Amino acid sequence: MHISAWQKSTYSPDGSNCVYVAATPTGTVHLRESDDPDVILTTTRSPLLSLIRTLKENSQRR
């Protein structure tokens, strides 16, 4: 599995609670958390964008 450089999410507030994102040449998106970097979630762009959109909408309703 070739993963390009990990990038810290702009929504991660500090160094201890970070979400990292990386993309592969095939378009797969990988996510990991700083607390457990060996656990990597794999998805594609469309479901990830849908999740982010839903989370943003729900956070604005509060």
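Residues numbered from 1 in each chain as written. Predicted model: local features only at pLDDT ≥ 70, side-chain atom pairs only at ≥ 80, totals over all residues. Heavy atoms only, no water.

Quick notes on a negative patch on the surface
To keep things clear, this is the line we draw: Like-charged residues are merged into a patch within 9 Å and nonpolar side chains (Val, Leu, Ile, Met, Phe, Trp, Tyr) within 5 Å, provided each residue has over 30% relative accessible area and no salt bridge. For the accessible areas, the method is Shrake-Rupley and the probe is 1.4 Å, while residue cover comes only from the protein chains on display. Counted as salt bridges are all cases of a side-chain nitrogen of Lys or Arg within 4 Å of a carboxyl oxygen of Asp or Glu. In this count, Lys and Arg are taken as positive residues and Asp and Glu as negative ones, while His and the chain termini are left out. The atoms used to mark charge sites are NZ of Lys, CZ of Arg, CG of Asp and CD of Glu. Secondary structure counts use DSSP, requiring at least four H or I residues in a row for a helix and at least two E residues in a row for a strand, with both numbered from the N terminus. Only protein chains enter the area calculation, which uses a 1.4 Å probe; residues under 20% of their type maximum are buried, those over 50% are exposed, and those in between are partly exposed.
A surface patch of negative charge is lined by E33, D35, D36 and D38. Examined against the element boundaries, D35 turns out to sit in the loop between strand 3 (28–33) and strand 4 (36–44). D35 gets classed as exposed once you look at its relative accessible area, which sits at 54%.

Some words on the side chain of T28
Quick note on the threshold: Within 3.5 Å is the distance limit for a polar contact, defined as a pair of N or O atoms, with the added protein rule that one can donate a hydrogen and the other accept it, and that residues adjacent in sequence qualify only through two side-chain atoms. Contacts are assigned to residue pairs with any non-hydrogen atoms lying within 4.5 Å of each other.
Locating T28 in the fold gives a position in strand 3. A polar contact of 3.4 Å, which involves the side chain of T28, links it to the side chain of T26. Setting aside chain neighbours within four positions, we find T28 in contact with A22, A23, T42 and T43.

Overview of the pairing of strand 3
How we decide: When DSSP finds two or more bridges between a pair of strands, those strands are recorded as paired.
As paired elements, strand 2 (residues 19–23) and strand 3 share five bridges and run antiparallel to each other. Looking across to strand 3, one finds that Y20 is bridged to R32.

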